[in-house]
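Inside the fold
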Amino acid sequence: MRGLLCSPCAELLPTVNGLLPAHIASPAGPPSGAWLVDAFGLAHRVATPRAVVGRRPGADLTIHNTSISRDHAELRRTPGAWELRDLGSRNGSFVDGARVAGRTEVADGATVRFGDVAFFLCERGDDLRLDDPASIETSYAGTATVRYTMTDGTRELCHLGNHADDGDGAGVLLHRRRGEASWHELALPRLEHRLLQLLCEAALEAGDATGVRATVATKVLVRRLPFQSRYANEENVRQVVRRLRETLAALDADGLVATVQGRGYYLSWPVSVA
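Thoughts on the pairing of strand β6 (residues 73-77)
Where strand β4 (residues 50-54) lies against β6, 4 bridges are found, and the strand directions are antiparallel. Across the sheet, residue Val52 finds its bridge partner in β6, namely Glu74. With 5 bridges connecting them, β6 and strand β7 (residues 82-86) associate as antiparallel partners. Bridge assignment links Arg76 to a residue of β7, and that residue is Glu83.

This is how it looks when you write it as structure tokens:
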């Protein structure tokens, strides 16, 4: 058993690397006759007859994963059944393994996948939600040699890394609202991980609370980010910055990575190290 899932059902919903229970959330309130059960065996309300699934805060089902677009797909209740419509997402939506083009009917018990994240649709009006699991920190947290903490007064971020990190691996970003006791965890791909680490290091070296003097030049990032190509350029850096900003915006941390036009990037929040 895995939560609400029996063993055979759990095998049909593979877990996604870096995804944790806290990364999937739906609003409180009664469901509109259906639930989405994730790979952890946790049920999420389809709270309205026309529910939007996406990475942005405020979606009817929010999924913090890089395979999910900000407005990824829409589940809609029709007189005869539930229907799924993809909203032009980058990585697509699928019903029982088939990619959705236009609108596709979703039967009770069907497998629905948004990007890499899969669910079972369960048509039930009663409460399926289990007690939410406690937020957990990654096992990497115990081996990280440095923790860069950033705060803007309402949000706290903690980026985990190692002093000798060469940027070849993915990283971890912990986040919570000020006053919360537990952290939530988000996996960062290696380029975004290394970019954030370099910006944190520059902020600490500069000792500047405003961050402007800690600007890292774009041409320096071209050399120091672990691009696969020998011919990476400033446009490749801008793409990494854009992806990191999208991830941070989903955590209500948009504005953290700031730009000095024509020069480079810096962190606008104070940074400390533990």
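Next comes the rest of the write-up.
Details of the side chain of Thr218
Along the polypeptide, Thr218 turns up in helix α3 (residues 218-224). Setting aside anything within four residues of it in sequence, one finds Thr218 in contact with Glu234, Val237, Arg263, Gly264 and Tyr265.

A short note on the sheet that holds strand β19 (residues 264-267)
With antiparallel pairing, 3 strands are arranged side by side in an open sheet as β17-β19-β18. Each having just a single partner strand, β17 (216-217) and β18 (257-260) make up the two edges of the open sheet. As defined by bridge partners, β17 adjoins β19 across 2 bridges and the pair is classed as antiparallel. Bridge pairing in β19 links Ala217 to Gly264. The strands touched by helix α2 (residues 190-206) within the sheet are β17, β18 and β19, with β19 carrying the most contacts at an inclination of about 70 degrees. Of the strands in this sheet, β18 and β19 are in contact with helix α4 (residues 234-249), which crosses β18 at around 145 degrees.

Comments concerning the nonpolar core
In terms of nonpolar packing, the biggest core is built from 35 residues, with Met150, Leu157 and Leu267 touching the most fellow members. Counting only elements with at least two residues in this core, the list comes to β13 (146-151), β16 (184-188), α2, α3, α4 and β19. In terms of residue count, α2 provides more of this core than any other element does, 8 residues in total. In this view, Met150 contacts Arg155, Glu156, Leu157, His159, Leu196, Cys200, Leu256, Leu267, Trp269, Pro270 and Val271; residues no more than four positions away in its chain are not counted.

Structural notes on the packing of aromatic side chains
Summed over all chains, the structure comprises 1 aromatic pair. Across the ring face of Phe94, the terminal group of Arg113 is positioned such that the distance to the ring centre comes to 3.9 Å.

A word on the side chain of Thr78
Secondary-structure assignment places Thr78 in the loop between β6 and β7. For Thr78, a relative accessible area of 18% puts it in the buried group. A polar contact of 2.6 Å, which involves the side chain of Thr78, links it to the backbone oxygen of Ala81.

Describing the pattern of salt bridges
Under the definition given, this model contains 11 salt bridges. The closest approach of N and O atoms between Arg77 and Glu123, which form a salt bridge, is 2.8 Å. With Arg77 in strand β6 and Glu123 in the loop between β12 (117-122) and β13, this residue pair connects regions lying 46 residues apart in the sequence. Exposure remark for Glu123: the relative accessible area of 30% places this residue in the partly exposed category. Residue Glu156 pairs with Arg176 through a salt bridge whose shortest N-O separation is 2.9 Å. One end of the pair, Glu156, is in strand β14 (residues 155-161); the other, Arg176, is in strand β15 (residues 171-177), with 20 residues separating them in the sequence. Here the salt bridges share partners, and the residues they tie into one network are Arg50, Glu74, Arg85 and Arg103.

Details of the sheet that holds strand β8 (residues 93-95)
Sheet architecture is open: 6 strands sit in the order β3-β2-β12-β11-β8-β9, paired in antiparallel fashion. Of all strands in the sheet, those bounded by a partner on one side alone are β3 (43-45) and β9 (98-99). Taken together, the 2 bridges between β8 and β9 define a ladder with antiparallel strand orientation. Looking at the pairing, Phe94 lines up with Arg99 of β9.

Observations regarding the packing of α2 against α4
Where α2 contacts α4, the two axes come as close as 9 Å, and the packing angle between them is 90 degrees. By the angle between their axes, α2 is roughly perpendicular relative to α4. The residues of α4 that touch α2, namely those facing Leu191, Glu192, Leu195 and Leu196, are Val240, Val241, Arg243 and Leu244. Of the residues that constitute the contact of α2 with α4, the class distribution is 6 nonpolar, no polar and 2 charged.

Thoughts on the pairing of β15
The two faces of a sheet get side chains in turn, since along a regular strand they alternate between them. Among the 7 residues of β15, 6 are classified as buried, and the element is accordingly described as predominantly covered. Pairing geometry for β15 and β16, over 5 bridges, is antiparallel. Note that in β16 the partner of Val172 across the bridge is Ala187. Linking β15 to β16, which pair antiparallel, is a turn of 6 residues; within it Gly179 sits at a positive phi near 100 degrees.

The rules we used
- Residues numbered from 1 in each chain as written.
- Predicted model: local features only at pLDDT ≥ 70, side-chain atom pairs only at ≥ 80, totals over all residues.
- Heavy atoms only, no water.
- Pairing = 2+ DSSP bridges.
- Helix = DSSP H or I, 4+ residues; strand = E, 2+ residues; numbered from the N terminus.
- Contact = heavy atoms within 4.5 Å.
- Axes fitted to C-alpha atoms, helices over the stretch in contact; angles between N-to-C directions.
- Core = buried A, V, L, I, M, F, W, Y, C linked by side-chain atoms within 4.5 Å.
- Buried < 20%, exposed > 50% of the residue type's maximum accessible area, 1.4 Å probe, protein only.
- Phe/Tyr/Trp six-rings, centres within 6.5 Å; stacked < 30°, edge-to-face > 60°.
- Lys NZ or Arg CZ within 6 Å of the ring centre and 35° of its normal.
- Polar contact = N/O pair within 3.5 Å; in protein donor to acceptor, adjacent residues only side chain to side chain.
- Salt bridge = Lys/Arg side-chain N within 4 Å of Asp/Glu carboxyl O.
- Parallel < 35°, antiparallel > 145°, perpendicular 65-115°, else oblique.
- Nonpolar A, V, L, I, M, F, W, Y, C, P; charged D, E, K, R; others polar.

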